[in-house]
Amino acid sequence: MKIIFAFCLLFVGAYCAAIFDGQLNDSWTLFKRVHKKEYATIEEETARQTIWETNVAKIRKHNLEYDLGLHTYYMKINHFGDLTHEEFKKSMNGFKVNANVDSSKNDRHIFLAPSNVAIPDTIDWRKEGYVTPVKDQGQCGSCWAFSATGSLEGQHFASTKQLVSLSEQQLVDCSTKFGNQGCGGGLMNNAFEYIKQNNGIDTEKSYPYTASDGKCRFKPESVGATDVGYIYIKEQNETDLTLALATIGPIAVAIDASHDSFQFYGGGIYNEPACSSSPDALDHGVLAVGYGNDGGKHPTDYYIVKNSWSEGWGDAGYLKMMRNYQNQCGIATMASYPLV
């Protein structure tokens, strides 16, 4: 028992105050099988099950409140269920606000919102062929790379009518001189600048993803897309972000995803009261692919956001985030797209 207690102190701290719920044993076994979870020792599994049960209880409480109309979104257990929130943030949220961006300042142009343009009430670029399937960054803080490739994939499609999946791994391995830190985090704009100066980015097929830092293996003959710089959308301006989404295509955005409600988001329109719109709070790069309104009794505007945590997270890998609501989670604070 001393060994187990020491392990708990090391990995989960206060989580060990929880007592196993015998009724959850079958569900724990199912969780391990579905998500292919294996643990090196009995002690490790004991600690992980304690964390999992704590997360299950948290989700149940939230969803009861959701059923009572206290929340606009619900939560669900997923493959992150055996991680503490601190572990989760450390491994999955890799947007680095303070990364070196000096190399890209010369190509920073502000989006000029078109005037007298009627935009649709809803837009979903997935239906127009601009968006590749949901990807999985794994245990690597490379969200910034997926956000960047997603926006470039959309702009490349707009230009060529060819949807090409691009290599996040190349950005992880090769763009460190532009301020990015591979699995340690980075910025989408640094990635756009790297692609410009490198004369392109390889296809996903030719340079597949490994979820780890590696040696640069760029092959000029395998380039799938290029850019000539990027456009920055006016900070904290949701009107311009919506206009850009309506007229340009998918937009690379950064958000505050530091809350456990985001770790277990399952569906509905995400509205986290504790979210911040400050640039310093942004910690996760994602892709805005559209917007709409739920048309309910109390109509709510939302953005459609593509994540890079597999289809097992959220709504088949996607999120609806509250729109026109005080820049929820900073979605309009640092938004951009590449020029092709």
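All values reported here derive from a predicted model rather than from experimental measurement. (Residues numbered from 1 in each chain as written. Predicted model: local features only at pLDDT ≥ 70, side-chain atom pairs only at ≥ 80, totals over all residues. Heavy atoms only, no water.)

## Section: the UniProt feature "domain: Peptidase C1A papain C-terminal" (unreviewed entry) in the protein
The feature "domain: Peptidase C1A papain C-terminal" (unreviewed entry), as annotated in UniProt, sits at residues 119–339 in this numbering. Helix makes up 23% of residues 119–339 and strand 20%. Its end C-alpha atoms lie 21 Å apart. (UniProt positions renumbered as here; feature names shortened; annotations may be inferred. Helix = DSSP H or I, 4+ residues; strand = E, 2+ residues; numbered from the N terminus.)

## Thoughts on the state of the cysteines
Inspection of every chain in the model, using the stated rule, returns 3 disulfides. A sulfur-sulfur separation of 2.0 Å characterises the disulfide bridge that pairs Cys 174 with Cys 216. For the disulfide bridge between Cys 174 and Cys 216, the dihedral angle about the S-S bond is near 100°, and by the sign convention the bridge is right-handed. Remark: Cys 216 occurs in the loop between β4 (201–202) and β5 (223–225) and Cys 174 occurs in helix α6 (residues 168–174); sequence separation between them is 42 residues. Accessibility expressed as a relative area gives 38% for Cys 216, which makes it partly exposed. Counting only the cysteines that take part in disulfides, in the order they occur along the protein, gives the pairing 1-3, 2-4, 5-6. Among the cysteines around Cys 143, which has no disulfide bond, Cys 140 carries the closest sulfur, lying 9.0 Å off. Under the relative-accessibility criterion, Cys 143 is labelled buried at 0%. (Disulfide = S-S within 2.5 Å. Buried < 20%, exposed > 50% of the residue type's maximum accessible area, 1.4 Å probe, protein only.)

## Digging into the domain arrangement of the protein
Partitioning the protein into domains gives domain 1 (24–71) and domain 2 (86–339). In this structure, domain 1 and domain 2 have C-alpha centres spaced 29 Å apart. (Domains from an automatic or database assignment.)

## Let's talk about the nonpolar core
Core analysis: the largest hydrophobic core is formed by 51 residues, its most contacted members being Leu 241, Ile 251, Phe 262, Tyr 270 and Met 321. For this core, the elements supplying multiple residues, two or more each, are β1 (73–75), α4 (85–92), α8 (238–247), β7 (251–255), β8 (265–270), β9 (284–293), β10 (301–306) and β11 (318–322). Once residues lying within four places of it in the same chain are set aside, the contact partners of Tyr 270 are Tyr 73, His 259, Ser 261, Phe 262, Tyr 265, Cys 275, Leu 319, Lys 320, Met 321, Met 322, Gln 328 and Cys 329. Formed by 28 residues, the second largest nonpolar core is a distinct cluster that contains Phe 95, Leu 166, Ile 201 and Ala 254. (Core = buried A, V, L, I, M, F, W, Y, C linked by side-chain atoms within 4.5 Å. Contact = heavy atoms within 4.5 Å.)

## Thoughts on the side chain of Ser 222
Examined against the element boundaries, Ser 222 turns out to sit in the loop between β4 and β5. On the basis of relative accessible area, Ser 222 is assigned to the buried category, the value being 17%. Ignoring anything within four residues of it in the chain, the contact list for Ser 222 reads Ile 201, Asp 202, Thr 203 and Ser 206.

## Structural notes on empty space enclosed by the protein
On inspection of all chains with the given rule, the structure shows 2 cavities of 30 Å³ or more. There is about 90 Å³ of room inside the largest cavity. What lines the largest cavity is a set of 14 residues, and nearest its centre among them are Phe 146, Ser 147, Lys 306, Asn 307 and Ser 308. Every element with two or more residues in the lining of the largest cavity is listed here: α5 (143–160) and β9. (1 Å grid on protein atoms, 1.4 Å probe; cavity = no way out; pocket = protein on both sides within 12 Å on 5 of 7 lines; lining within 4 Å. Points joined across faces, edges and corners; volume = space filled by probe spheres on them.)

## Concerning the packing of helix α2 (residues 25–34) against helix α3 (residues 42–67)
At a closest axis distance of 11 Å, the pairing of α2 and α3 adopts a crossing angle of 105°. Between α2 and α3, the interaxial angle falls into the category roughly perpendicular. Every residue of α3 that contacts α2 at Asn 25, Ser 27, Trp 28, Phe 31 and Lys 32 is listed here: Glu 45, Arg 48, Gln 49 and Trp 52. Of the residues in the contact of α2 with α3, the class split is 3 nonpolar, 3 polar and 3 charged. (Axes fitted to C-alpha atoms, helices over the stretch in contact; angles between N-to-C directions. Parallel < 35°, antiparallel > 145°, perpendicular 65-115°, else oblique. Nonpolar A, V, L, I, M, F, W, Y, C, P; charged D, E, K, R; others polar.)

## Focus on unusual backbone geometry
Despite not being glycine, Asn 116 shows a phi value in the positive range, around 55°. Mapped onto the elements of the fold, Asn 116 is located in the loop between β2 (108–110) and β3 (123–124). In this model, Cys 329 sits at a positive phi of 55°, which is unusual for a non-glycine residue. When you line up the elements, Cys 329 lands in the loop between β11 and β12 (336–338).

## Some remarks on the environment of Asp 294
Looking at the secondary structure, you find Asp 294 in the loop between β9 and β10. With 25 residues separating them along the chain, Asp 294 and Ile 269 place their C-alpha atoms 8.7 Å apart. Residues in contact with Asp 294, not counting those within four places in the same chain, are Ile 269, Pro 299, Thr 300 and Tyr 302. Within the local environment of Asp 294, its side chain forms a polar contact with the backbone nitrogen of Thr 300, the two atoms lying 2.8 Å apart. (Polar contact = N/O pair within 3.5 Å; in protein donor to acceptor, adjacent residues only side chain to side chain.)

## Observations regarding the pattern of salt bridges
Scanning the entire structure with this criterion turns up 11 salt bridges. Note that Lys 58 is salt-bridged to Asp 260, the shortest N-O span being 3.1 Å. Of the two residues, Lys 58 is situated in helix α3 and Asp 260 in helix α9 (residues 260–263); the sequence distance between them amounts to 202 residues. Across the pair Glu 153 and Lys 135 runs a salt bridge whose closest N-O atoms are separated by 2.9 Å. Of this pair, Glu 153 sits in helix α5 while Lys 135 is found in the loop between β3 and α5, placing the two residues 18 residues apart along the sequence. The exposure classification of Glu 153 matches that of Lys 135, with both residues buried. Connected via shared salt-bridge partners are Lys 135, Glu 153, Glu 168 and Glu 204. (Salt bridge = Lys/Arg side-chain N within 4 Å of Asp/Glu carboxyl O.)

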